[in-house]
Amino acid sequence: MEYTLLLALVDFLPIVFTAVGLFAITRIVAHVNSLQGKVAFYGTLLTLAGGIFKALWKLIMASSNSTVDIQWMEKSLFVLMAPGYVLVAWSVWQTMRAAQGKRSFHAWAPPLTLIGVVFTTSAYLFVKQPVSPAWERVLLSVMVLATLFTGVFLILFSFRQGLPSAGWLFILNLIGIFLLNGLARLDNQPITLQWIEEGINIIAWLAFAMASTHIYGYARANFKVDSKQIGLAATS
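Here is what the cut-offs are and how they apply
Residues numbered from 1 in each chain as written. Predicted model: local features only at pLDDT ≥ 70, side-chain atom pairs only at ≥ 80, totals over all residues. Heavy atoms only, no water. Core = buried A, V, L, I, M, F, W, Y, C linked by side-chain atoms within 4.5 Å. Buried < 20%, exposed > 50% of the residue type's maximum accessible area, 1.4 Å probe, protein only. Helix = DSSP H or I, 4+ residues; strand = E, 2+ residues; numbered from the N terminus. Contact = heavy atoms within 4.5 Å. Salt bridge = Lys/Arg side-chain N within 4 Å of Asp/Glu carboxyl O. Polar contact = N/O pair within 3.5 Å; in protein donor to acceptor, adjacent residues only side chain to side chain. Expected span 1.5 Å × (residues − 1).

Caption draft 1: Highlighting the nonpolar core. Ranked by internal contacts, the top residues of the largest apolar core, which has 49 residues, are I25, L154, F170, W205, F208 and I215. Of all elements in the fold, only α2 (12–32), α3 (34–63), α4 (71–99), α5 (109–128), α6 (134–160), α7 (164–184) and α8 (191–222) reach the threshold of two or more residues within this core. Per-element tally for this core: the top contributor is α4, with 12 residues. In this view, I25 contacts V92, L154, F208, S212 and I215; residues no more than four positions away in its chain are not counted.

Okay, here's the thing in structure tokens:
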């Protein structure tokens, strides 16, 4: 697959929007529970690192007319984003439970156990069939599911808190993710299709950034930390 230099540069825009959104979500989680906030923070760093390395890989490919192919940069998308989104999804779910006055679970043990199982499975498949994409598909499936769960949790949180505009923006984000997942499976990827994919990607993550920033402002203004339940208690 070939990339134009302009397309490779534009590919950094969704990463910027994703960073804005994920750091807003991290601040919300940290406002509820500082320990869960650390989980969300490290998940955000891993997720963004995966996206940045993949974007840099595209830029290098475009600049070198596809003669310089740094494979570890391309593969890092799934390797880093899968555990990253697992951590983000876990912390967001815990925040939702706290918002409903429910007990929080251990911050690190469950997500790290899941990540360990996923990487063990992926490594086993790679050793058994190194030329097969099976090991990548395991990571991809986990990444997609974690992204889906994160989006659903944020949609539910938005509508429950009376923030329909944020909820619909998160829905738009998930629609964009599903469209991109379908288009990425096409064998033929001409430049025109890649621009369409990039446009969908930008819109989807811009919506995510706007929604995340909106609910962060709302959470800061309307909720405080409940030190007894380590959750959210309305200030009103």
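Caption draft 2: Quick look at the pattern of salt bridges. Under the definition given, this model contains two salt bridges. For D11, the salt bridge is made with K58, and the minimal N-O distance between the two is 3.6 Å. Taken as a pair, D11 in the loop between α1 (5–10) and α2 and K58 in helix α3 lie far apart in primary sequence, 47 residues in all. A salt bridge links E136 to K75, with the nearest nitrogen and oxygen atoms 3.1 Å apart. On the criterion of sequence distance, the pair formed by E136 in helix α6 and K75 in helix α4 is long-range, its members being 61 residues apart. Residue E136 is classed as buried on the basis of its relative accessible area, which comes to 15%.

Caption draft 3: Up close: the side chain of N33. By secondary structure assignment, the location of N33 is in the loop between α2 and α3. Given a relative accessible area of 16%, N33 falls into the buried group. Looking at N33, its side chain comes within polar contact range of the main-chain nitrogen of L35, at 2.9 Å.

Caption draft 4: Main features of the environment of G167. Here G167 is to be found in helix α7. With 11 residues separating them in the primary sequence, G167 and L156 have C-alpha atoms 7.4 Å apart. If near-sequence neighbours (up to four positions away) are discounted, G167 is found in contact with I155, S158 and F159.

Caption draft 5: Representation of α3. Compared with an ideal rise of 1.5 Å per residue, which puts 30 residues at 44 Å, α3 spans 42 Å between its outermost C-alpha atoms and is within 8% of the ideal. Two or three places before L35, at the start of α3, stands the capping residue N33, its side-chain oxygen 2.9 Å from that residue's backbone nitrogen. Looking one or two residues past α3, N65 carries a phi angle of roughly 55°, positive in sign.

What is shown is where atoms sit, not what they do.
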